[in-house]
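Here are the chains, one letter per residue:
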Amino acid sequence: MEQALRGSGADYAEIRIEREARTDLSFRGAELDAVSASNSVGGVARALVRGGWGVATFNDLDDLRQKVREATACARLVGGKKSELAAVERVEQVIPPPPMERDFRGVPLAEKKSVVQRYNDLMLGQHPKIQTTRASYSDRYREVYFANSEGSYFEDMRPDVGIGLTAVARDGNVVQGGRESIGRAAGFEAALGLEAKAETAAERAAGLLDARPVPGGTYTAILNQKLGGVFAHEAFGHLSEADHVYENEKLLELMVLGSRFGADHLSIVDDGSFPGGRGTHPLDDEGVPTRKNYLIQDGILVGRLHNRETAGKMKENVTGNARALAWHFPPIVRMTNTYIEPRQASFDDLIRDVDLGVYACDLIGGQTMMEMFTFSAAYAYMVRNGKIGELVRDVVLTGNVFQTLQNIDMIADDLAWDDGGGGCGKGGQAPLPVGFGSPHVRVQDVVVGGRQ
């Protein structure tokens, strides 16, 4: 790789090669729906010439020098400005994989199928109104090899394993779902012992059949840790990705560093160095060390997330947030582990003086459009006179993220990380493993859609 990069003629060039082994299998209802196992190898050469990027992807590892030439030739066609990359120190590092009690690459496919089938059978037999299920398993082991024209080199081993469990219940025309999942940078042991999650998914789906739709209105809302983490990631985190900010004049006007975005108790962080996080890596996919980055600190917007190019163009520090989903993608600005920092309140403090509110839990879907968001909670409870009340369904929260951040008036001390599967999507690269977490947070004046 080092030889292939010599004399490229580009302002900057890099090669990333990956070997990947993965398994996917799923049940739908009582039937085994899909099984696949694959091994692949490929890479991407990327070159920067006069501000323009050229990319050449390949799965033939012969003649890497030619791949760099092809990327450089592409870059020459689009470049016409000054190349601006933030300077970073050269790295040379071999990164071992996270601890794995049992490497999933050595687990027979039949055993993986047996584990998932057990969870699926549990969901199907949990309640007579369960109509169908989906139980899935996936594992992925990436070996990443990176070198650039500045002399940096690293190797990084990246395991990821996930289980998804969905139960669907039906009573007449009412159909409700329950979902549980896990996703971790770990071995096969993470996929074991999830019987309680299977039962919870089925019980929740059946329980929601008897729940009333939430009356629509404006409420004090308490978000549980998973929904709070999703809010931090989806509604605010993506707005902090500097490639979005740099290319969007309106966002540049909104995301001015030093502006107040919330009360003093609000701090939102992205930390790719957080021990054990699903989005944790010592180096990003440009060889930049990851670190703890405050986005909002004590209510003030203090930072955003960068790759080397956006940091160079915006004259800000690198943050270690260039990430790629696989070998055939170039790295783009992505979050790692994003969370709201805990404060001193208890959960009881958050609900004690709420006469009428909604305790919204988990997420089954949503979308964002610039500063506007809409999230559908997986389930929720009414809060009445300071107490958790009845289960309600069809809870959709919507609003402006900047106003919502200002309306967060209490933050609890019970930070929890979501260990769910799936991942983040951006630029056609999904699902990228990320972590998100939050304590319980209380938000005033949230518009909740439901039945009038």
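Residues numbered from 1 in each chain as written. Predicted model: local features only at pLDDT ≥ 70, side-chain atom pairs only at ≥ 80, totals over all residues. Heavy atoms only, no water.

Turning next to the overall build of the protein chain. For the protein chain, the helix and strand inventory stands at 10 helices and 27 strands. Expressed as lengths along the three principal axes of its C-alpha atoms, the size of the protein chain is roughly 70 × 55 × 35 Å. A burial count over the protein chain gives 52% of its 452 residues as buried. Here the contacts in the protein chain between residues at least 6 apart in sequence split such that 74% fall between residues at least 24 apart. As displayed, the protein chain offers around 18,900 Å² of accessible surface, 48% of which is attributable to carbon and sulfur atoms. Seen as two clouds, the 50 positive and the 62 negative side-chain charges of the protein chain have centres 3 Å apart. (Helix = DSSP H or I, 4+ residues; strand = E, 2+ residues; numbered from the N terminus. Buried < 20%, exposed > 50% of the residue type's maximum accessible area, 1.4 Å probe, protein only. Contact = heavy atoms within 4.5 Å. Areas by Shrake-Rupley, 256 points an atom, 1.4 Å probe, with all protein chains shown as cover. Lys, Arg positive; Asp, Glu negative; His and termini not counted. Charge placed at Lys NZ, Arg CZ, Asp CG, Glu CD.)

For a regular strand, side-chain orientation follows a simple rule: the groups alternate between the two sheet faces. Here strand 15 (residues 337-340) shows a buried face lined by N337 and Y339 and a second buried face lined by T338 and I340. Sheet topology places strand 10 (residues 268-271) next to strand 15; three bridges connect them, and they run antiparallel. Across the sheet, V269 pairs through a bridge with Y339, a residue of strand 15. One ladder, built from three bridges, connects strand 15 with strand 26 (residues 435-438); its direction is parallel. When the bridges of strand 26 are listed, Y339 appears paired with G437. (Pairing = 2+ DSSP bridges.)

In this structure, I15, M123, Y137 and I163 are the most contacted members of the largest nonpolar core, which totals 46 residues. In this structure, M314, A380, V395 and I408 belong to the second largest nonpolar core, which totals 44 residues. (Core = buried A, V, L, I, M, F, W, Y, C linked by side-chain atoms within 4.5 Å.)

Quick look at the side chain of D362 now. Here D362 shows up in the loop between strand 16 (356-361) and strand 17 (365-369). A distance of 2.9 Å separates the side chain of D362 from the side chain of N224, its partner in a polar contact. Setting aside residues no more than four positions away along its own chain, D362 makes contact with E180, R204, N224, K226, L227, S376, A377, A378 and Y379. (Polar contact = N/O pair within 3.5 Å; in protein donor to acceptor, adjacent residues only side chain to side chain.)

Let us look at the environment of I351. You can see I351 is positioned in helix 9 (residues 347-352). Apart from residues lying up to four places away in sequence, I351 is in contact with I222, V383, G386, K387 and I388.

On to the sheet that holds strand 26. Across the sheet, which stays open at both edges, the six strands sit in the order 12-11-10-15-26-23 with mixed pairing between neighbours. Only two strands of the sheet have a single neighbouring strand rather than two, namely strand 12 (300-301) and strand 23 (416-417). Note that strand 23 and strand 26 share two bridges and pair antiparallel. Bridging across to strand 26, A416 finds its partner in S438. On the sheet, helix 5 (residues 225-236) packs against strand 10, strand 11 (292-297), strand 12, strand 15, strand 23 and strand 26 and is oriented at approximately 120 degrees with respect to strand 26. (Axes fitted to C-alpha atoms, helices over the stretch in contact; angles between N-to-C directions.)

Once that is clear, we can look at helix 3 (residues 109-126). Owing to its 3.6 residues per turn, the α-helix aligns residues three or four sequence positions apart on the same side. Taking 1.5 Å of rise per residue, 18 residues should cover 26 Å, and helix 3 covers 26 Å from first to last C-alpha, within 8% of that figure. By the burial criterion, the buried members of helix 3 are K112, V115, V116, Y119, N120 and M123. Down the axis of helix 3, the buried set is contained in an arc of 130 degrees. They therefore lie on one face. Exposed positions of helix 3 whose direction lies more than 90 degrees from the buried face are A110 and G125. Here the buried face of helix 3 lies against strand 1 (12-28), strand 5 (130-148), strand 6 (153-171) and helix 4 (195-209). (Expected span 1.5 Å × (residues − 1). Arc of directions from axis to C-beta.)

Okay, the pattern of salt bridges next. According to the stated counting rule, one finds 39 salt bridges in the structure shown. The salt bridge partner of E14 is R46, with a shortest N-O separation of 2.8 Å. Placement of E14 in strand 1 and of R46 in strand 2 (residues 31-49) is noted, with a sequence separation of 32 residues between them. Judged by its relative accessible area of 6%, R46 falls in the buried class. The residue E390 makes a salt bridge to R384 at a minimum N-O spacing of 2.8 Å. Salt bridges here are not isolated pairs; linked through shared partners, they connect E20, R22, D24 and R140. (Salt bridge = Lys/Arg side-chain N within 4 Å of Asp/Glu carboxyl O.)

Where empty space is left becomes clear once a probe the size of a water molecule has been rolled over the atoms. Tallied over the full model, the rule gives two cavities of 30 Å³ or more. Of the voids in this model, the largest cavity is the one considered here, and its volume is about 100 Å³. Lining the largest cavity we find L223, L227, F231, F373, F375, L397, T404, I408, V443 and V446. Counting only elements with at least two residues in the lining of the largest cavity, the list comes to helix 5, strand 18 (372-376) and strand 27 (441-449). Its residues placed into classes, the lining of the largest cavity shows nine nonpolar, one polar and no charged. When its volume is computed, the second largest cavity comes out at roughly 50 Å³. Around the second largest cavity sit R158, G272, G279, H281, L283, D284, D285, T290, G320, A322, R323 and T336, which together line it. Looking at the lining of the second largest cavity residue by residue, the classes come out as two nonpolar, six polar and four charged. (1 Å grid on protein atoms, 1.4 Å probe; cavity = no way out; pocket = protein on both sides within 12 Å on 5 of 7 lines; lining within 4 Å. Points joined across faces, edges and corners; volume = space filled by probe spheres on them. Nonpolar A, V, L, I, M, F, W, Y, C, P; charged D, E, K, R; others polar.)

Over its 15 residues, helix 2 (residues 64-78) runs 22 Å from end to end, which matches the ideal 21 Å to within 8%, given 1.5 Å per residue. Here helix 2 has its buried residues at L64, K67, V68, A71, T72 and A75. The buried residues of helix 2 all sit within an arc of 135 degrees when viewed along its axis, so they share a single face. Considering only its buried residues, helix 2 is in contact with helix 1 (2-5), strand 1, strand 2 and strand 3 (52-58).

On to the pairing of strand 9 (residues 217-223). Where burial is concerned, most of strand 9 is hidden: five out of the seven residues are buried. The pairing of strand 9 with strand 27 spans six bridges and is classified as antiparallel. Its bridge partner being in strand 27, I222 is matched across the sheet by R442. Pairing of strand 9 with strand 16 involves four bridges; the strand directions are parallel. Looking across to strand 16, one finds that I222 is bridged to Y359.

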